[in-house]
Amino acid sequence: MIQYVCIKCPLSCKLKVKKQKDKIVVLGNNCAKGEIFAKQEFLAPKRTVTSLVKIINGDKPVLPVKTSAPIPKEEVDKALKIISRIKIQAPVKIGDIIYKNICEDVDLVATANTKISKIARD
Ligand code: SF4
């Protein structure tokens, strides 16, 4: 039996997952979201990656970014290595694709706006 804490709402239910013959049994969940979360964690855990990329000529030194969808947990380190090498030119708008297909068909997108810095404009 494997235990998880459900992260789908602030109740943080303690979930227990076990395999019984061909079925995956989830205990401790207070709703269906917890069951779906536990089965996903058990079979193929995924995470949304959030980080920062360097920005050139921006009014801020870095830009917050995230993956457009959760990616397999074992791909997170590879995605973070790619992110650490990215330098993007200002301006950037929320939702702009910063890196296409960072993992399978998931993109890396901006989660903030960045203008060109006053110094770079002058
Ligand atoms: S199982 Fe349902 S109620 Fe419990 S933490 Fe997860 S989402 Fe919230």
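Residues numbered from 1 in each chain as written. Predicted model: local features only at pLDDT ≥ 70, side-chain atom pairs only at ≥ 80, totals over all residues.

1. Notes on the overall build of the chain
When you go through the chain residue by residue, the secondary structure sums to 3 helices and 10 strands. Secondary structure elements of the chain, listed N to C terminal, follow the sequence β-β-β-α-β-β-β-β-α-β-β-β-α. With respect to the principal axes defined by its C-alpha atoms, the chain has extents near 65 × 25 × 15 Å. Buried positions account for 21% of the 122 residues belonging to the chain. Once local pairs closer than 6 in sequence are excluded, the contacts in the chain between residues at least 24 apart make up 47%. (Helix = DSSP H or I, 4+ residues; strand = E, 2+ residues; numbered from the N terminus. Buried ≥ 20, exposed ≤ 12 C-beta atoms within 10 Å, placed from the backbone. Contact = placed C-beta atoms within 7 Å.)

2. Some remarks on the sheet that holds strand 1 (residues 2–5)
Paired through backbone hydrogen bonds, the strands of a sheet run either parallel or antiparallel to each other. One open sheet holds the 3 strands; their spatial order is 1-2-3, and the pairing between them is antiparallel. What marks the edges here is a single partner per strand, and that holds for strand 1 and strand 3 (23–27). If you compare each strand with its neighbour and ignore which way they point, the axes differ by 25° on average. Across 4 bridges, the pairing between strand 1 and strand 2 (residues 14–20) is antiparallel. Across the sheet, the residue bridging to Gln3 is Lys16, located in strand 2. Sheet contacts for helix 1 (residues 32–43): strand 1, strand 2 and strand 3; angle to strand 3, the most-contacted strand, approximately 125°. (Pairing = 2+ DSSP bridges. Axes fitted to C-alpha atoms, helices over the stretch in contact; angles between N-to-C directions.)

3. Details of the environment of Val62
Position of Val62 among the secondary structure elements: in strand 6 (residues 62–67). Setting aside residues up to four positions removed in sequence, Val62 forms contacts with Leu52, Val53, Lys54 and Ile55.

4. Some points on the environment of Ile36
Structurally, Ile36 can be placed in helix 1. Taking C-alpha positions, Ile36 is 9.9 Å from Lys8, a pair spaced 28 residues apart along the chain.

5. Section: the domain arrangement of the chain
Each domain of the chain was delimited in the assignment, giving domain 1 (2–43) and domain 2 (50–121). For domain 1 and domain 2, the distance between their C-alpha centres works out to 32 Å. (Domains from an automatic or database assignment.)

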